[in-house]
Amino acid sequence: MSEKFEVVISGIGGHFPECNNVDELTEFLFNKKNGITVDSRRWTPGELNAPAAIGKLKYIDRFDSLFFGIHRKLCESLDSLTRHSLERAIEAIIDAGICPSDLHGSNTAVLMASTVSESEFFSIFDSKDTGFGILGHNRAMQANRVSYSLNLYGPSYTMDSTWTGGTQGLSLAKTLIENGHVNAAIVGIANLILHPTISLQFQSMGKLTTGERTKSFCADADGYNRAEGCVVLFLQRACEARRSYGTVISVNNQCFGDRDSMYVEDSGPHLKELLTRSYKKSGIDPKTVGFVEAEGSACKRIDAMELNAMADVFCPDDRKDPLLVGSIKSNIGHTEAASSLVSLTKAIIALDTGFIPPNINYDNPNNDVPAISNYKIKVIT
């Protein structure tokens, strides 16, 4: 059997609601701020009667095209998802202590993911008549532009997935690096909210709150606030990394087929089985886990399903201390496609600082979760 390399996360680049980078996010979380705002940065509140309270990036229209060697006219047609992916990729590489030009010609993979590019629907036909519609708005360019700009020779593609895209990219990157197929990997995902149309569809599914607070794990949870975000990770072999935020021990995700719940909802038994299988595979006893950064979608029934499944897996009768649980969605809303890597960023902040960023908007515990009332699970506040 060939040697398997230890894989570490050595760099992070991120852009979050009201936070331009991970350092700002760290301060934001520990100061218990709420990243949900109502203003006209994306659309006029009241348009289509869609919920106006969302988590927004401070800016989405700034881009240094000269730095990336992109023609000005192409830049006018460049999808914002691609712009943010390019910028955050450079941040992650520099955060790892590497000059981006040093990766020139290297066997580095680029694995990006997204779900919906709202600008793609409006601009693919290039109404500005610049001739760059396909080059600017093909989502494959989220990865391909990074590889092209840095002259990387590894695999390069974008996954059009659901909200599991970030973990799918992380899983593939780990496999490629540990088996020696590539030396490093750039893994990223972005989510932007530019128009009220999709919000209206989520609202009709009963997913969104009409207020300005995402109340994860609460008895009066009434849905989440949509939010924007972009996270890019740089992964390397541990023996070559100059920094390590942590070893990637195991990554598991599952896209369910046959199940007994609605198409847009998770299944408790499937989640329990996935957790059990994941920890068995990684050789870790679940009852030794101290903290879990959970989904916490602020839909009361789904929150209860998630926490009850976690209680069954992590909290056997012989567990000594309560399982600490949190969700960054309470602070900045649900970043949807980007949510997996945004949640991972919060977990890394906890590891890096030694303190778990607290949940906000948590007043009355979900009364359908016995493990909260009997102190097997504790939501961090």
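Look a little higher up for the structure.
Our subject in this report is the structure included herewith. (Residues numbered from 1 in each chain as written. Predicted model: local features only at pLDDT ≥ 70, side-chain atom pairs only at ≥ 80, totals over all residues. Heavy atoms only, no water.)

### Regarding the environment of Ser106
Then, in step 1: Inspection of the secondary structure assignment puts Ser106 in the loop between α4 (80-95) and β4 (108-114).
Then, in step 2: Residues in contact with Ser106, not counting those within four places in the same chain, are Asn151, Leu152, Tyr153 and Gly154.
Then, in step 3: In this structure the side chain of Ser106 is engaged in a polar contact, spanning 2.8 Å, whose partner is the side chain of Thr108. (Helix = DSSP H or I, 4+ residues; strand = E, 2+ residues; numbered from the N terminus. Contact = heavy atoms within 4.5 Å. Polar contact = N/O pair within 3.5 Å; in protein donor to acceptor, adjacent residues only side chain to side chain.)

### Describing the environment of Asp352
Then, in step 1: As for its position among the elements, Asp352 is in helix α13 (residues 339-353).
Then, in step 2: In this structure, the C-alpha to C-alpha distance between Asp352 and Tyr245, residues 107 residues apart in sequence, is 7.0 Å.

### Re the packing of α4 against helix α7 (residues 141-150)
Then, in step 1: The contact between α4 and α7 brings their axes to 9 Å, and the two run at 50°. In this view, α4 runs oblique relative to α7, as classed from their interaxial angle. Crossing hand, α4 versus α7: right-handed. Each of Leu81, Thr82, Ser85, Leu86, Ala89, Ile90 and Ile93 in α4 lies in contact with α7, whose residues at this interface are Met141, Gln142, Arg145, Val146, Ser149 and Leu150.
Then, in step 2: Split into classes, the residues belonging to the contact of α4 with α7 amount to eight nonpolar, four polar and one charged. (Axes fitted to C-alpha atoms, helices over the stretch in contact; angles between N-to-C directions. Parallel < 35°, antiparallel > 145°, perpendicular 65-115°, else oblique. Left-handed = near helix turned anticlockwise from the far one by under 90°. Nonpolar A, V, L, I, M, F, W, Y, C, P; charged D, E, K, R; others polar.)

### Quick look at helix α8 (residues 165-178)
Then, in step 1: A rise of 1.5 Å per residue sets the reference length of α8, with its 14 residues, at 20 Å; its end C-alpha atoms lie 20 Å apart and thus fit the reference within 8%.
Then, in step 2: Taken together, the buried positions of α8 are Gly165, Gly166, Gly169, Leu170, Ala173, Lys174, Leu176, Ile177 and Glu178.
Then, in step 3: For α8, the secondary structure elements touched by its buried residues are β1 (7-15), β4, β5 (156-160), β6 (184-191), β7 (229-237) and α13.
Then, in step 4: Positive phi shows up at Gly180, right after α8, with a value of about 80°. (Expected span 1.5 Å × (residues − 1). Buried < 20%, exposed > 50% of the residue type's maximum accessible area, 1.4 Å probe, protein only.)

### Looking at the side chain of Thr108
Then, in step 1: Position of Thr108 relative to the elements: it lies in strand β4.
Then, in step 2: Among residues more than four places away in sequence, those in contact with Thr108 are Leu103, Leu152, Gly154, Pro155, Ala184, Ala185, Ile186 and Phe234.

### Brief notes about the nonpolar core
Then, in step 1: The biggest cluster of nonpolar side chains holds 35 residues, and the ones touching the most others in it are Ile9, Ile12, Leu233 and Leu235.
Then, in step 2: At the level of elements, β1, α1 (22-30), β4, α8, β6, β7 and α13 are the ones that each hand at least two residues to this core.
Then, in step 3: The contact partners of Leu235, leaving out residues within four places of it in the chain, are Val7, Val8, Ile9, Leu170, Ala173, Ile177, Ala184, Ala185, Val187 and Val248. (Core = buried A, V, L, I, M, F, W, Y, C linked by side-chain atoms within 4.5 Å.)

### Comments concerning the pattern of salt bridges
Then, in step 1: This model, assessed by the stated rule, comprises 18 salt bridges.
Then, in step 2: One salt bridge in this structure joins Lys56 and Asp39, with 3.4 Å as the shortest N-O distance. Of this pair, Lys56 sits in the loop between β3 (54-55) and α2 (65-68) while Asp39 is found in the loop between β2 (36-37) and β3, placing the two residues 17 residues apart along the sequence.
Then, in step 3: With a relative accessible area of 1%, Lys56 lands in the buried category.
Then, in step 4: Between Arg226 and Glu336 there is a salt bridge; the shortest N-O distance is 2.8 Å. Here Arg226 is found in the loop between α9 (197-204) and β7, whereas its partner Glu336 is found in the loop between α12 (329-332) and α13, with 110 residues between them in sequence.
Then, in step 5: Classification of Glu336 as buried rests on a relative accessible area of 3%. (Salt bridge = Lys/Arg side-chain N within 4 Å of Asp/Glu carboxyl O.)

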